[in-house]
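Each chain is listed here by its residues.
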Amino acid sequence: MSKIIVTPKNEKHLNKLLDDKIDAVLLSIENLSVNSEYYISLNKLREILPKIKEKNKEVFISVNKIMHNYDIEELKICMQTLKELNVDKILFYDLSILSIADKLNITNKLVIYNEHSNASINSHKFYQSYGVDESLITSDITLEEINEIKKQTGIKLIVPVYGHIPIMYSRRYLLTNYFNHIKKQKTSPYYYFKQNEDKYIIKEEAYGTGIYSGKIINLDEEYKKYQNTFDYIILYSNFIDASIYDNTIKHYLNINDLDKFDNSYKGFAYTKTTYKVKKDE
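Report follows, based on the coordinates. On a predicted model such as this, the values are computed, not experimentally measured, just so you know.

### A closer look at the side chain of Ser 28
In step 1: Looking at the element boundaries, Ser 28 is found in strand β2 (residues 24-29).
In step 2: A relative accessible area of 6% means that Ser 28 is categorised as buried.
In step 3: Among the polar contacts made by the side chain of Ser 28, one reaches the side chain of Ser 36 at a distance of 3.5 Å.

### Remarks on helix α2 (residues 42-54)
In step 1: Taking 1.5 Å of rise per residue, 13 residues should cover 18 Å, and α2 covers 19 Å from first to last C-alpha, within 8% of that figure.
In step 2: Along its length, α2 shows its largest kink, about 35°, at Ile 48, and proline Pro 50 lies within four residues downstream of that point.
In step 3: By the burial criterion, the buried members of α2 are Leu 42, Leu 45, Ile 48, Leu 49 and Ile 52.
In step 4: For α2, the elements touching its buried residues are α1 (11-17), β2, β3 (39-40), β4 (58-63) and α3 (72-85).

### Observations concerning the environment of Gln 185
In step 1: Tracing the sequence through the fold places Gln 185 in the loop between α7 (174-181) and β10 (190-195).
In step 2: Along the primary structure Gln 185 and Asn 147 are separated by 38 residues, whereas in three dimensions their C-alpha atoms are 47 Å apart.

### Some remarks on the sheet that holds strand β9 (residues 166-170)
In step 1: Taking strand neighbours across the sheet as the criterion, the four strands line up as β9-β12-β11-β10 in an open arrangement whose pairing is antiparallel. Looking at strand neighbours, the two that pair on one side only are β9 and β10, the edges of this open sheet. Averaged over all pairs of adjacent strands, the angle between strand axes in this sheet comes to 25°, irrespective of strand direction.
In step 2: The sheet contact formed by strand β11 (residues 198-205) and strand β12 (residues 208-213) spans six bridges and is antiparallel. Looking at β12, one finds that Glu 205 is bridged to Gly 208.
In step 3: Packing against the sheet, α7 makes contact with β9, β10, β11 and β12, and its axis sits at approximately 100° to β11.

### A word on the nonpolar core
In step 1: Residues Leu 27, Ile 29, Leu 45, Met 79, Leu 82, Leu 110 and Leu 235 are the most contacted members of the largest nonpolar core, which totals 75 residues.
In step 2: In this structure, Leu 82 is in contact with Leu 42, Leu 45, Ile 61, Val 87 and Ile 90, ignoring residues within four places of it in sequence.
In step 3: Counting five residues, the second largest nonpolar core, distinct from the first, contains Leu 175, Phe 179, Tyr 191 and Ile 202.

### Some thoughts on the packing of α3 against helix α4 (residues 95-104)
In step 1: Between α3 and α4, whose axes approach to 10 Å, the crossing angle comes to 45°. In terms of their interaxial angle, α3 and α4 are classed as oblique. The interaxial crossing formed by α3 with α4 has right-handed handedness. Contact with α3, carried on its side by Ile 72, Leu 75, Lys 76, Met 79, Gln 80 and Lys 83, involves Ser 96, Ile 97, Ile 100, Ala 101 and Leu 104 of α4 and no other residues of that element.
In step 2: In the contact of α3 with α4, the residues fall into seven nonpolar, two polar and two charged.

### Quick look at the pairing of β2
In step 1: Most of β2 is tucked away, with six of its six residues classed as buried.
In step 2: Sheet topology note: the strand β1 (residues 3-6)/β2 ladder contains two bridges and is parallel. Note on β2: the bridge partner recorded for Ile 5 is Ala 24.
In step 3: This β-α-β element, β1 to α1 to β2, shows right-handed connectivity.
In step 4: Relative to β4, β2 runs parallel, the two sharing five bridges.

### A look at helix α9 (residues 242-253)
In step 1: If you check α9, its first and last C-alpha atoms are 16 Å apart, about what twelve residues at 1.5 Å a residue would give, namely 16 Å.
In step 2: Taken together, the buried positions of α9 are Tyr 245, Asp 246, Thr 248, Ile 249 and Tyr 252. Within α9, the buried residues cover an arc of 155° as seen down the axis, which keeps them to one side.
In step 3: Those residues of α9 that are buried lie in contact with β1, α1, β8 (156-163), β13 (217-218), α8 (220-226) and β14 (232-235).

Rules behind the numbers
- Residues numbered from 1 in each chain as written.
- Predicted model: local features only at pLDDT ≥ 70, side-chain atom pairs only at ≥ 80, totals over all residues.
- Heavy atoms only, no water.
- Helix = DSSP H or I, 4+ residues; strand = E, 2+ residues; numbered from the N terminus.
- Buried < 20%, exposed > 50% of the residue type's maximum accessible area, 1.4 Å probe, protein only.
- Polar contact = N/O pair within 3.5 Å; in protein donor to acceptor, adjacent residues only side chain to side chain.
- Expected span 1.5 Å × (residues − 1).
- Bend = angle between axes of the 7 residues up to and from the residue.
- Contact = heavy atoms within 4.5 Å.
- Pairing = 2+ DSSP bridges.
- Axes fitted to C-alpha atoms, helices over the stretch in contact; angles between N-to-C directions.
- Core = buried A, V, L, I, M, F, W, Y, C linked by side-chain atoms within 4.5 Å.
- Parallel < 35°, antiparallel > 145°, perpendicular 65-115°, else oblique.
- Left-handed = near helix turned anticlockwise from the far one by under 90°.
- Nonpolar A, V, L, I, M, F, W, Y, C, P; charged D, E, K, R; others polar.
- Right-handed = clockwise from strand over helix to strand, strands pointing away.
- Arc of directions from axis to C-beta.

In structure tokens:
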């Protein structure tokens, strides 16, 4: 049966979630990660880690920012600290982390978190050749394709099943640039924009701008069906009220007792993307 990873919205919310029967928490390191509402320092991690371990929860750490030369020394200190603290898994985007982890002999702790480029059998085999054997799989592919990756590689899969899914991240400050262009003041931490009939969330952070699905993906029925295939599932809390999120966790914890499911948004679970790389074409 899949293990459940949750994403706390703040420290108070984290303490509450630790009393649930979840399996793991995902925490984001400040200055070195994006796409979160709750960032922590390494000192704060040292402080709260014993409390999390007391509750027998796994600790997943996100360091998924696109790194620059000026980040490297801080990143090296972070990775060394994560090794010393013996966190369970480290989610990474930038290949500099793979290089540092190799020198520290902790590539077995890495989880691919590329959002879009970890979408094929061969991309996963590439990372496996460097000792990485876990992937937070992209939401851009179908359940059929996810199962084929699992079958062909045996890699451990973390599958996003709930929340506003990250679509893209830009190092540019897109909202600031836009409001400067139209000579208006930015007054909200995030905004919505529409394209045709679809609505998306756009949020600017310290290190760039993220765009997220406007609709909440909910693969509850699929999770019940494939829970022996998915090694982990992750429930995203961004832009979702804590009470609604907490009830969703209970929903997933009781999934085997449920027979009826809402007609929820399924993202690309059954829909192949328009453009696909094919052999010999």
